[in-house]
Structures are given as C-alpha cells and as structure tokens.
Amino acid sequence: MNPQCARCGKVVYPTEKVNCLDKYWHKGCFHCEVCKMALNMNNYKGYDKKPYCNAFLFDFTPRRTRIKYNLHNI
C-alpha cells in the first residue's frame, strides 16, 4: 500500500515520492514551511520534522529564538 503525503494527505506513488524527515512527500509538496520555496534532498534543512530552506532555518536556532523572545518581551 502506498503511503500518504505528509503535507496534503493524498496517496504518494513511487514515481513522485520524496522520503525525508521520516515522512513521505509528493515532490511538489516538499517545500519550505515559511516561504513555500520548492526543496529537494540537497537544499532542505529539517527542524521539528518539517522542511525549511536555509533562509528561514536560522529563525529556529536557540540563540535567534532567545533574541526574538527578549525583543518581544521588552
């Protein structure tokens, strides 16, 4: 039985399957959570089992999170 896509929930057939972050994705559904840039196995960064591009992964680093938290609580 074919798995379901982690983004859209539809069946993913072998010809369009991306297996990444312990999930299956359609090639078109494998994009950055923030900016929706199309990703592939060479340019994605995973955080919390979700795909991100390099530009937005920086927002989740511990130091960056602390800085954002402190700026919002001034």
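Residues numbered from 1 in each chain as written. Predicted model: local features only at pLDDT ≥ 70, side-chain atom pairs only at ≥ 80, totals over all residues. Heavy atoms only, no water.

- The protein chain is annotated in an unreviewed UniProt entry as LIM zinc-binding domain-containing protein from Ursus americanus.

Some words on the packing of aromatic side chains
(1) Moving on: Applying the stated criterion across every chain, the model contains 2 aromatic pairs.
(2) Moving on: Pairing Phe-30 with Tyr-44 gives two aromatic rings, centres 5.6 Å apart and planes at 65°, and the pair type is edge-to-face. Placement of Phe-30 in the loop between β2 (23–26) and β3 (45–47) and of Tyr-44 in the loop between β2 and β3 is noted, with a sequence separation of 14 residues between them.
(3) Moving on: Judged by relative accessible area, which is 22%, Tyr-44 ranks as partly exposed.
(4) Moving on: Members of the aromatic cluster, joined through ring pairs, are Trp-25, Phe-30 and Tyr-44. (Phe/Tyr/Trp six-rings, centres within 6.5 Å; stacked < 30°, edge-to-face > 60°. Helix = DSSP H or I, 4+ residues; strand = E, 2+ residues; numbered from the N terminus. Buried < 20%, exposed > 50% of the residue type's maximum accessible area, 1.4 Å probe, protein only.)

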